[in-house]
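Each chain is listed here by its residues.
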Amino acid sequence: MQSTVGDKEKGPMIANPGAEKTASGWRRARPMDVSEAFELADSLALAFRDNPLNRAAIRGSASRRVRSNRCGMRATLAAAGGRATILVPAVQAGAGLGGLIALAPGGWPLPPPPVFAQLEYWFGQGFGTLRRWGKAYHVLAELHPTEPHWYLQLLGVAPEARRRGIGAGLLEAWLEDVDREGGSAYLETDRRENLGFYNRAGFEVVGTEEILGTPIWRMGRPPH
Ligand SMILES: CC(C)(COP(=O)(O)OP(=O)(O)OC[C@H]1O[C@@H](n2cnc3c(N)ncnc32)[C@H](O)[C@@H]1OP(=O)(O)O)[C@@H](O)C(=O)NCCC(=O)NCCS
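Rules and cut-offs
- Residues numbered from 1 in each chain as written.
- Predicted model: local features only at pLDDT ≥ 70, side-chain atom pairs only at ≥ 80, totals over all residues.
- Pairing = 2+ DSSP bridges.
- Helix = DSSP H or I, 4+ residues; strand = E, 2+ residues; numbered from the N terminus.
- Axes fitted to C-alpha atoms, helices over the stretch in contact; angles between N-to-C directions.
- Contact = placed C-beta atoms within 7 Å.
- Near = placed C-beta within 6 Å.
- Nonpolar A, V, L, I, M, F, W, Y, C, P; charged D, E, K, R; others polar.

Participant: How would you summarise the sheet that holds strand S9 (residues 214-221) if you had to cite specific residues and measurements?
Facilitator: Reading across from one edge, S3-S4-S5-S6-S7-S9-S8 is the order of the 7 strands in this open sheet, with mixed pairing throughout. Of all strands in the sheet, those with a lone pairing partner are strand S3 (29-31) and strand S8 (204-211), marking the two edges. When the angles between neighbouring strand axes are averaged without regard to direction, this sheet yields 25°. Examined bridge by bridge, S8 and S9 share 7 bridges and lie antiparallel to one another. By the bridge assignment for S9, Glu209 is matched with Ile216. Where helix H2 (residues 37-47) meets the sheet, its contacts fall on strand S4 (85-89), strand S5 (98-103) and strand S6 (150-157), and the angle it forms with S5 comes to roughly 95°. Packing against the sheet, helix H7 (residues 166-181) makes contact with S3, S4, S5, S6 and strand S7 (185-189), and its axis sits at approximately 145° to S4.

Listed below in structure tokens is the structure:
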């Protein structure tokens with residue numbers, strides 16, 4: 001069987017590839033188990049560490065950004081529990097590699113997280129970072145579609161686990177549900193490199209903004 005171990009700051013070390021890790025094995029997704037929430041928060045914290053908006057909002061070293069992200073991801077997962085689709089790679093310890101958090105129509109915005117998670121978020125982020133995230137959130141909230149839609153809140157794969165099809169597999173699994181139920185989908189991304197990745201899944205750019213000096217692409221996908 002596969003073993004995935006790693007350092008919280010450096011990311012997962014992927015060892016002993018087993019039979020489950022064929023090209024199609026990496027692409028399979030499953031719902032996260034509630035016991036995996038902290039592991040997923042760690043892998044998402046790493047996944048977003050070097051994204052432009054992350055650098056602009058947190059402004060610290062790579063390890064400071066991972067620590068700060070971890071608080072944000074834990075708060076998001078605490079708020080999302082029971083309200084969101086949360087998928088991870090279907091391989092063993094998949095939550096350590098990355099995951100997807102998405103909301104059904106009417107599910108956005110998530111409510112504030114429970115108090116314990118809010119406290120961790122506030123103390124873990126620091127005032128300046130909180131203020132900059134708040135600013136980014138408000139700009140994007142103003143532009144958020146008003147008609148019912150499926151929303152991709154987060155999709156991230158730890159750097160060492162990328163380019164194996166994990167991201168595409170998580171996205172496909174969610175879009176299968178979207179297409180079965182019907183309706184349009186929406187997301188935001190701060191990386192130009194992601195545009196082709198999302199184009200292939202049927203998303204088109206519907207607007208571009210600059211937030212904290214960083215371009216943000218808003219993408220929509222019509223009902224399929
Ligand atoms: C965007 C992201 C989720 C993609 O995850 P991923 O697991 O690397 O995605 P995939 O492996 O499915 O596809 C990525 C690329 O690898 C290629 N690829 C997939 N399997 C491959 C393989 N076995 N060998 C080589 N390349 C492969 C894909 O064709 C794709 O090419 P592209 O860069 O031209 O689009 C990941 O880069 C990430 O977490 N980025 C940081 C966070 C972020 O920006 N998230 C999205 C905004 S919400």
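The rest of the description comes next.
Participant: Requested: an account of the pairing of S9, with residues and values cited.
Facilitator: Examined bridge by bridge, S7 and S9 share 5 bridges and lie antiparallel to one another. Note on S9: the bridge partner recorded for Thr189 is Trp217. Two successive antiparallel strands, S8 and S9, enclose a turn made up of 2 residues, where Leu212 displays a positive phi of approximately 50°.

Participant: Got a sec to walk through the site of the ligand? Specific residues and values, please.
Facilitator: Surveying the vicinity of the ligand reveals 20 residues, the closest of which are Arg162, Arg163, Ile166, Gly167 and Ala168. Of all the secondary-structure elements, those providing two or more residues to the shell around the ligand are S6, H7 and helix H8 (194-200). In terms of residue count, S6 provides more of the shell around the ligand than any other element does, 4 residues in total. Residue composition of the shell around the ligand, by class: 9 nonpolar, 7 polar and 4 charged.

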